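Descriptive analysis of the structure
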Amino acid sequence: MSNEVIIKLNSVGTYSVGKTSLIRRYTENTFSEDYLPTLGVDITVKRGIIIDTKPIRIVFMDTAGEEKFGSLRKTYFEGSLGCIAVYDITRPETLKDLDRWLKEYRGVAGDDKIISIVDNKIDLAGQKSIPTQDGKRYARSQGSDFYEASAKFGGKIIPRIFVDLVQNVLQELAK
Ligand SMILES: Nc1nc2c(ncn2[C@@H]2O[C@H](COP(=O)(O)OP(=O)(O)OP(=O)(O)O)[C@@H](O)[C@H]2O)c(=O)[nH]1
Ligand SMILES: [Mg+2]
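First, a word on what this report is: a plain description of the structure on this page. The model shown is predicted, which means the values in this text are computed figures rather than measured ones.

At Asn29, a residue that is not glycine, the phi angle is positive and equals roughly 55°. Mapping Asn29 onto the fold places it in the loop between helix H1 (19–28) and strand S2 (41–51). Although it is not a glycine, Lys121 adopts a positive phi angle of roughly 75°. Mapped onto the fold, Lys121 is located in the loop between strand S5 (114–120) and helix H5 (132–142).

So, in structure tokens, the structure goes:
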């Protein structure tokens, strides 16, 4: 469709928090228990969605959380309109790490970009080691929407994360 709006989105967060799994759940509705670290970047396109009456194409640049891909990662943040910042409820350091991730992302994409914070792996409730309040508080401090999700379980929350993000991006673009 020629009037498609192309929106480039990123994912940030420490290795193995579930960035790729959340995007895959949204784009293909699949989940894999195996951990296959993203090597540099995975580019995925989601087409054929209508948001606020507009045909949208989302281009996901899903970057690697492993430190060794640091310099490469920044090049994928250029021209980005928003991102999901993900942490893993079973690993407390992954919430603390978000400060560094958001700094890196904003440093390249710009301070005005939309960032949604996702507390992932809520299916592992028995291993939960980050109070929901901490995530919520952090999201509020960043002016971000906050979601609790499980890429493993899926459900309505998954499209909501991405549709809300695109809606927020469209609102920002219309300013
Ligand atoms: N139980 C559970 N496991 C999950 C969930 N999301 C992801 N995982 C698992 O966590 C591991 C890492 O998931 P990925 O999506 O590859 O993580 P990533 O953040 O993309 O990792 P990098 O690409 O290395 O930065 C995999 O073994 C997934 O199966 C979830 O919601 N629940
Ligand atoms: Mg990945």
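Moving on, there is more to tell.
Before going further, it helps to spend a moment on the sheet that holds strand S6 (residues 145–148). Strand order in this open sheet of six strands is S2-S3-S1-S4-S5-S6, and the pairing throughout is mixed. Each of the sheet's edge strands pairs with one partner strand only, and the pair in question is S2 and S6. Strand-to-strand twist across the sheet, computed as the mean angle between neighbouring axes with direction ignored, equals 25°. For strand S1 (residues 5–12) and strand S3 (residues 54–63), the ladder comprises seven bridges, and the chain directions are parallel. Residue pairing across strands places Ser11 opposite Asp62, the latter belonging to S3.

Moving on, we come to H1. Taken across its 10 residues, H1 has seven buried, putting it largely inside the fold. Close packing links the buried residues of H1 with S1, S2, S3, strand S4 (82–88), S5 and helix H6 (157–174). Backbone geometry just downstream of H1 places Asn29 in the positive-phi region, at approximately 55°.

So, about the site of ligand 1. Surrounding ligand 1, one finds 24 residues, the nearest of these being Gly18, Thr20, Ser21, Thr38 and Gly65. Sort the elements by how many residues they give to the shell around ligand 1 and H1 lands first, with three residues. Taken together, the residues of the shell around ligand 1 sort by class into seven nonpolar, 10 polar and seven charged.

Looking at helix H2 (residues 70–77), one finds that the buried residues are Arg73, Tyr76 and Phe77. Projection of H2 onto a plane perpendicular to its axis shows the buried side chains occupying an angular sector of 105°, all on one side. In H2, the exposed residues that point more than 90 degrees away from the buried face are Ser71 and Thr75. The inward-facing, buried residues of H2 abut S1, S2, S3 and helix H4 (98–109). Trailing H2 by a residue or two, Gly79 shows a phi angle of about 75°, which is positive.

What follows covers the nonpolar core. A general feature of soluble globular proteins is that nonpolar side chains tend to end up buried together. One finds Leu22, Ile84, Ala85, Val118, Ile161 and Leu165 to be the most contacted residues of the largest nonpolar core, which totals 40 residues. Tallying contributions element by element places H6 first for this core, with six residues. Contact partners of Leu22, with chain neighbours within four places excluded, come to Ile84, Val86, Val118, Asn120, Ala149, Ala151 and Ile158.

Further remarks concern the pairing of S6. In regular strands, side chains alternate between the two faces of the sheet. Direction of pairing for S5 relative to S6: parallel, over a ladder of four bridges. Across the sheet, residue Ile117 finds its bridge partner in S6, namely Phe146. In this fold, S5 hands off to H5, which returns the chain to S6; that crossover is right-handed.

About the thresholds
Chains are numbered independently. Their residues run from 1 in the order of the written sequence. By the order in which they are written, chains take letters starting at A while ligands take numbers starting at 1. The predicted nature of this model means local features are confined to residues of pLDDT at least 70 and side-chain atom pairs, given and counted, to a pLDDT of 80 or more, with totals for whole chains, interfaces and linings taken over all residues. A run of H or I in DSSP becomes a helix once it reaches four residues, and a run of E becomes a strand once it reaches two; helices and strands are each numbered from the N terminus. Only strands that DSSP links by at least two bridges are regarded as paired with each other. Axis lines are fitted to C-alpha atoms, over the contacting stretch for helices. Their N-to-C directions set the angle, which ranges from 0 to 180 degrees. Here a residue counts as buried when 20 or more other C-beta atoms fall within 10 Å of its C-beta, as exposed when 12 or fewer do, and as partly exposed in between; the C-beta atoms come from the backbone. Throughout, a pair of residues is in contact if the C-beta atoms placed from their backbones lie within 7 Å. Being near a molecule or strand means, for a residue, that its backbone-placed C-beta atom lies within 6 Å of it. Each residue is assigned to one of three groups, with Ala, Val, Leu, Ile, Met, Phe, Trp, Tyr, Cys and Pro labelled nonpolar, Asp, Glu, Lys and Arg labelled charged, and all others, Gly among them, labelled polar. Taken from the helix axis, the directions to the C-beta atoms give the arc we talk about. Any set of buried Ala, Val, Leu, Ile, Met, Phe, Trp, Tyr and Cys residues joined through C-beta atoms within 7 Å is what this text calls a nonpolar core. If the strands point away from the viewer and the path from the first strand over the helix to the second runs clockwise, then the crossover is right-handed.

Fair warning: the whole summary comes from geometry, so function is off the table for now.
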